[in-house]
Amino acid sequence: MSILYHELREIEASKARELVRKVLAKNNGNVSETARILGISRNTVRRARDGNLEDLSRRPHHSPNKTEHSLEELIVKESKRTGFRYRRLTSYMQKKYGIAISENTIKAILRRNNVKKKTRKSYNGKHRPLYDYEALMPFSEFQLDTKHLLDKNALPKEVYEHMKDYNLPLYEWNLIDIGTRTRFTAYSYELGSVFGLMFIVFAVLWLRAHNVRGLIKIRLDNAMEFCGGSERKLRQWNMILSTLGVILEAIPAGAKHLMAVVENSHRDDDEYFLMIHAERCNNTKTFLYKAQQWQDTWNFYKPSHGKGMHGLTPYRKLKKSKIAINSHVLKFPVLLMEDLLKTAGLITLFLKSHLTGKYVHTKCQIIRTGSISRKVGAYIHLLIRVIL
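Under an unreviewed UniProt entry, the name given to the protein chain is Integrase catalytic domain-containing protein, and the organism recorded is Dissulfurispira thermophila.

Participant: Mind laying out the packing of helix H11 (residues 260-277) against helix H12 (residues 284-300), listing which residues take part and the relevant values?
Facilitator: Relative orientation of the contacting elements H11 and H12 amounts to 130°, with a least axis distance of 11 Å. Put simply, H11 runs oblique to H12. Both H11 and H12 take part in a crossing whose hand is right-handed. Across the interface between the two elements, Ser265, Asp268, Asp269, Tyr272, Phe273, Leu274 and His277 of H11 pack against Phe287, Lys290, Ala291, Trp294 and Trp298 of H12. Along the lines of polarity and charge, the residues of the contact of H11 with H12 split into seven nonpolar, two polar and three charged.

Participant: Before we move on, can you summarise the pairing of strand E3 (residues 183-188) with the specific residues and values?
Facilitator: With six of six residues buried, E3 is to be regarded as a mostly interior element. On E3, burial covers both faces: Arg183, Thr185 and Tyr187 on one face and Phe184, Ala186 and Ser188 on the other are all buried. With six bridges connecting them, strand E2 (residues 171-177) and E3 associate as antiparallel partners. For Glu172, the partnering residue across the bridge sits in E3 and is Tyr187. Where E2 folds back on E3, the antiparallel hairpin that results is connected by five residues, among which Arg181 adopts a positive phi of roughly 65°. Relative to strand E6 (residues 335-336), E3 runs parallel, the two being bridged by two bridges. The partner of Ala186 across the bridge, within E6, is Leu335.

Participant: Would you mind going over the layout of surface pockets in detail, with residue names and values included?
Facilitator: In this approach, a probe sized like a water molecule rolls over the atoms, and the result shows the empty space that is left. Within this model, the second largest pocket holds a volume of roughly 340 Å³. As for the second largest pocket, its lining consists of 16 residues, and the residues nearest its centre are Glu271, Tyr272, Phe273, Ile276 and Trp294. When residues of the lining of the second largest pocket are traced back to their parent elements, those giving at least two are helix H6 (86-97), H11 and H12. Looking at side-chain class alone, the lining of the second largest pocket contains seven nonpolar, three polar and six charged residues. Shared between two domains, the lining of the second largest pocket takes at least three residues from each, and those domains are domain 2 (69-113) and domain 3 (141-355).

Participant: Would you mind going over the packing of aromatic side chains in detail, with residue names and values included?
Facilitator: One pass over the structure, following the stated rule, counts 17 aromatic pairs. Consider the rings of Trp173 and Phe199, whose centres lie 6.2 Å apart with planes at 45°: the pair is tilted. Of this pair, Trp173 sits in strand E2 while Phe199 sits in helix H9 (residues 193-209); the two residues are 26 residues apart in sequence, bridging distant segments of the chain. As far as the burial class goes, Trp173 and Phe199 line up, both buried. Here the guanidinium or amino end of Arg183 rests over the ring plane of Trp298, the centre of that ring lying 4.7 Å away. Over the aromatic face of Trp298 sits the side chain of Lys302, whose NZ or CZ is 4.9 Å from the ring centroid.

Participant: Can you lay out the side chain of Asp145 for me, pointing to particular residues and giving the numbers?
Facilitator: With respect to the secondary-structure elements, Asp145 resides in strand E1 (residues 141-148). Of the side chains bearing the opposite charge, Lys256 lies closest to the buried Asp145, which forms no salt bridge; the N-O distance is 4.3 Å. Aside from chain neighbours lying at most four places away, what touches Asp145 is Glu172, Trp173, Asn174, Asp221, Phe226, Lys256, Met259, Val262, Glu263 and His266.

Participant: Describe the environment of Arg81, naming the residues involved and giving the relevant values.
Facilitator: Within the fold, Arg81 resides in helix H5 (residues 69-82). Taking the relative accessible area as the measure of exposure, Arg81 reaches 43% and is therefore partly exposed. Setting aside chain neighbours within four positions, we find Arg81 in contact with Tyr92, Lys96, Arg267 and Glu271. Of the polar contacts made by the side chain of Arg81, one reaches the side chain of Glu78; its length is 2.9 Å. In terms of polar contacts, Arg81 uses its side chain to reach the side chain of Tyr92, at 2.4 Å.

Participant: I'd like to hear about the UniProt feature "transmembrane region" (unreviewed entry) in the protein chain, residue by residue, with values.
Facilitator: The sites that carry the UniProt feature "transmembrane region" (unreviewed entry) are, in the present numbering, residues 186-207. In residues 186-207, the share of helix is 68% and the share of strand is 14%. The end C-alpha atoms are 15 Å apart.

Participant: Break down the environment of Ile325 for me, citing the residues and quoting the values.
Facilitator: Tracing the backbone through its elements, the reader meets Ile325 in the loop between helix H13 (314-321) and E6. For Ile325, a relative accessible area of 9% corresponds to the buried category. Residues Ile325 and Pro138, 187 residues apart in the sequence, show an inter-C-alpha distance of 9.2 Å. Here Ile325 is in contact with Phe139, His210, Asn211, Val212 and Leu318, once residues within four sequence places are set aside.

The rules behind the values
- Residues numbered from 1 in each chain as written.
- Predicted model: local features only at pLDDT ≥ 70, side-chain atom pairs only at ≥ 80, totals over all residues.
- Heavy atoms only, no water.
- Axes fitted to C-alpha atoms, helices over the stretch in contact; angles between N-to-C directions.
- Helix = DSSP H or I, 4+ residues; strand = E, 2+ residues; numbered from the N terminus.
- Parallel < 35°, antiparallel > 145°, perpendicular 65-115°, else oblique.
- Left-handed = near helix turned anticlockwise from the far one by under 90°.
- Contact = heavy atoms within 4.5 Å.
- Nonpolar A, V, L, I, M, F, W, Y, C, P; charged D, E, K, R; others polar.
- Buried < 20%, exposed > 50% of the residue type's maximum accessible area, 1.4 Å probe, protein only.
- Pairing = 2+ DSSP bridges.
- 1 Å grid on protein atoms, 1.4 Å probe; cavity = no way out; pocket = protein on both sides within 12 Å on 5 of 7 lines; lining within 4 Å.
- Points joined across faces, edges and corners; volume = space filled by probe spheres on them.
- Domains from an automatic or database assignment.
- Phe/Tyr/Trp six-rings, centres within 6.5 Å; stacked < 30°, edge-to-face > 60°.
- Lys NZ or Arg CZ within 6 Å of the ring centre and 35° of its normal.
- Lys, Arg positive; Asp, Glu negative; His and termini not counted.
- Salt bridge = Lys/Arg side-chain N within 4 Å of Asp/Glu carboxyl O.
- Polar contact = N/O pair within 3.5 Å; in protein donor to acceptor, adjacent residues only side chain to side chain.
- UniProt positions renumbered as here; feature names shortened; annotations may be inferred.

Structure (structure tokens):
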């Protein structure tokens, strides 16, 4: 009988107490006999006899340290809107509202309000990570994507109007290292495969000039600014880039989840850069300067809570890896692709010759003054000279 009582107690407390009352009634209200039959204490029998069938709340009557109701509502609202869990939400609340609150407190609030984690399952219901994040070496795996800055979905209408009125760049080129979450950014007014290949070559030259020696794999989608789904074009690009030790991997059609890391970064661009700074830029030069500041903030100061990052910034993750790559690699110059084409021409032409030489890193400083074209030209000539 005791087994039956405890099984009922696990399933539903009210059913277990009903059983106690029935046994108690059959034994003429004898508490001791009922307790012996059910294998429970006499106090348990009395509570079932005199109290409610349902369990009472264990919440204390007075909680002086409980989070204010308005703040708790704000945390729940932001969690449902952003889909962030307690770790990312802690950082988000600090940045957006200046509210410092512990991870454990937010975790308890989400649990108390039954805010479920948004998950996506694979076909067979099992979780499959895209990479072995813990074993991944810095600057070995990348994701490359472009973003249309005037997509008219993420930003206020006045921001889009300002960007059009002042003729600011329309597209963002974004290359992200999976191992450290370091980003390399460029902008343009047009999309095209010429710009796509040039951006890849320029970014890889920058990496090779900073002592990145291993094989570089870059995952990209089938957009027209890259290979456009053409197997022949992908083979041609891989043949060209093989000289620099680069392999391009195009994702299958309809598999955007394979680009999750770079796709997630677009949201941060909208919330922390474009929404705040775009309206403060009245020309392309100012926009690129602000974009450089945003990229430096991302690479050196913005913690990442993605898999394998453990809340570290790209700079801290690079230092923790103890790899022989100078941190100056994080200071990639944000540039306009039209300036790169005008200044350097088709920089991929030099790949036709056989490249030899030793890769070494450089500690050159980014030139903050002078025209954008001179800065771009200086970087191109420096990189090619170091590689050759």
